[in-house]
Amino acid sequence: MQNSLNILKNIPIFSHLSDEVIQKIIELQKTKKYKKGEIIFYEGDKGEAFFFVKSGKVKIYKTSLDGRDITLNILGEGSIFAEVTLFNDINYPATVEVLENSEIGMILNKDIEQMILNNTILALQIIKVLTKRLYRSQKTLKEMAFSDTYNRISRTLLDLCERHGKKTELGIEIDTAITRQDIANMVGTSRETVSRVISELKKEKILDTSSKKIIVMDKNKLTECIDEF
């Protein structure tokens, strides 16, 4: 049987906490034995705790509008469920039924919250973990959004290059009066974003902007930038 320490370390929000702190959280747990067929909680019940399977097996399911049960997951020893309610005032999103005689650990969300209020070190640790997770999420979303914008700006520059290109010693000059704000308007983004992308393309030796006009130094690489997304 997996010990509670290892089980709780599988919860992302606890995974970077020290063993000592997690042990204090473990002390909050309540353990209950369930028989096959019993319901631990129903979909829509108030989300007051999260649970982990110390032994046995449970089924997580939702009930459709026509009354059918749709199984979402079957969890065994060492698995965690309902952790989504931790630090969130939400109801349980699904029903959990015991598939075989099981021993289930439970920690009330309010107990952890109270523990945090009385323990500034724990509060700081959890705040740091949450902040890092939020930063990573925002960074990922930003990178995804930037990648899409990078693609669209590159496509626009290539189109301008093909329609208004004039060969020079440095490369193909976009021989038309166009500003970064004009490109931003064409792409549907901000002037600052266009400047950022152009700076990236300059670093890659794809563009040159030393003159007042944009020069595509390497049309093939610009095309490759588009093909990468």
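The model shown is predicted, which means the values in this text are computed figures rather than measured ones. (Residues numbered from 1 in each chain as written. Predicted model: local features only at pLDDT ≥ 70, side-chain atom pairs only at ≥ 80, totals over all residues. Heavy atoms only, no water.)

Chemist: When you look at the overall build of the protein in this model, what are you seeing that I'm missing?
Modeler: The secondary structure content of the protein amounts to 7 helices and 10 strands. A separation of at least 24 residues holds for 69% of the contacts in the protein among residues at least 6 apart in sequence. Taken as a whole, the protein presents about 13700 Å² of accessible surface, with 50% of it coming from carbon and sulfur. (Helix = DSSP H or I, 4+ residues; strand = E, 2+ residues; numbered from the N terminus. Contact = heavy atoms within 4.5 Å. Areas by Shrake-Rupley, 256 points an atom, 1.4 Å probe, with all protein chains shown as cover.)

Chemist: Just checking my understanding: could you explain the sheet that holds strand E10 (residues 215-216) for this structure?
Modeler: Sheets are built from strands that pair by backbone hydrogen bonding, the pairs being arranged parallel or antiparallel. The strand order across the open sheet formed by 4 strands is E7-E8-E10-E9, and the pairing between neighbours is antiparallel. Each edge of the open sheet carries a strand with a single partner, namely strand E7 (165-167) and strand E9 (207-208). The pairing of strand E8 (residues 172-174) with E10 spans 2 bridges and is classified as antiparallel. Its bridge partner lying in E10, Ile172 is registered against Val216. (Pairing = 2+ DSSP bridges.)

Chemist: What should I look at first to understand the confidence of the model for the protein in this one?
Modeler: Low-confidence regions, as indicated by low pLDDT, have predicted coordinates that should not be scrutinised in detail. Across the protein, the average pLDDT comes to 82, with 87% of residues at 70 or higher. The secondary-structure element of the protein with the lowest mean pLDDT is helix H4 (residues 120-164), recorded at 71, while strand E2 (residues 39-41) shows the highest, at 97. (pLDDT = per-residue confidence, 0-100.)

Chemist: It is not clear to me how helix H3 (residues 109-117) should be interpreted in this structure. Could you clarify?
Modeler: What sets the pattern is the α-helix's 3.6 residues per turn: residues three or four places apart point alike. Regarding H3, the residues found buried are Asn109, Asp111, Ile112, Met115 and Ile116. Down the axis of H3, the buried set is contained in an arc of 165°. They therefore lie on one face. Exposed residues on H3 whose side chains face more than 90 degrees from its buried face are Lys110 and Leu117. (Buried < 20%, exposed > 50% of the residue type's maximum accessible area, 1.4 Å probe, protein only. Arc of directions from axis to C-beta.)

Chemist: Explain the pattern of salt bridges here, please?
Modeler: Opposite charge on two side chains makes pairing possible when the charged atoms of those side chains draw close. Per the counting criterion, the structure on display carries 7 salt bridges. With its nearest N and O atoms 2.9 Å apart, the salt bridge here joins Asp159 to Arg163. One end of the pair is Asp159 and the other is Arg163, both in helix H4 and 4 residues apart, which spans about a single turn. With relative accessibility at 48%, the residue Arg163 sits in the partly exposed group. When the shortest N-O distance is used, the salt bridge between Lys219 and Glu162 registers 4.0 Å. Taken as a pair, Lys219 in helix H7 (residues 219-227) and Glu162 in helix H4 lie far apart in primary sequence, 57 residues in all. (Salt bridge = Lys/Arg side-chain N within 4 Å of Asp/Glu carboxyl O.)

Chemist: For this particular structure, what's the right way to read the packing of aromatic side chains?
Modeler: Both the distance between ring centres and the angle between the ring planes are used here to describe each pair of aromatic rings. Counted according to the given criterion, the structure contains 5 aromatic pairs. Look at Phe41 and Tyr92: their rings are 3.7 Å apart centre to centre, the planes differ by 15°, and that puts the pair in the stacked class. Of this pair, Phe41 sits in strand E2 while Tyr92 sits in the loop between strand E5 (80-81) and strand E6 (95-108), and the two are 51 residues apart along the sequence. When the ring of Phe51 is compared with that of Tyr92, the centres are 6.3 Å apart and the planes differ by 55°; the resulting orientation is tilted. You can see Phe51 sitting in strand E3 (residues 49-63) and its partner Tyr92 sitting in the loop between E5 and E6, a full 41 residues away along the chain. Judged by relative accessible area, which is 6%, Tyr92 ranks as buried. Taken together, the ring pairs in this structure connect Phe41, Phe51, Phe81 and Tyr92 into an aromatic cluster. (Phe/Tyr/Trp six-rings, centres within 6.5 Å; stacked < 30°, edge-to-face > 60°.)

Chemist: For this particular structure, what's the right way to read the pairing of strand E4 (residues 69-75)?
Modeler: On a regular strand, one side chain projects to one face of the sheet and the next to the other, so that they alternate. As paired elements, E3 and E4 share 6 bridges and run antiparallel to each other. Looking at the pairing, Val58 lines up with Leu75 of E4. Here E3 folds back onto E4 in antiparallel fashion, the turn holding 5 residues, of which Gly67 has a positive phi close to 90°.

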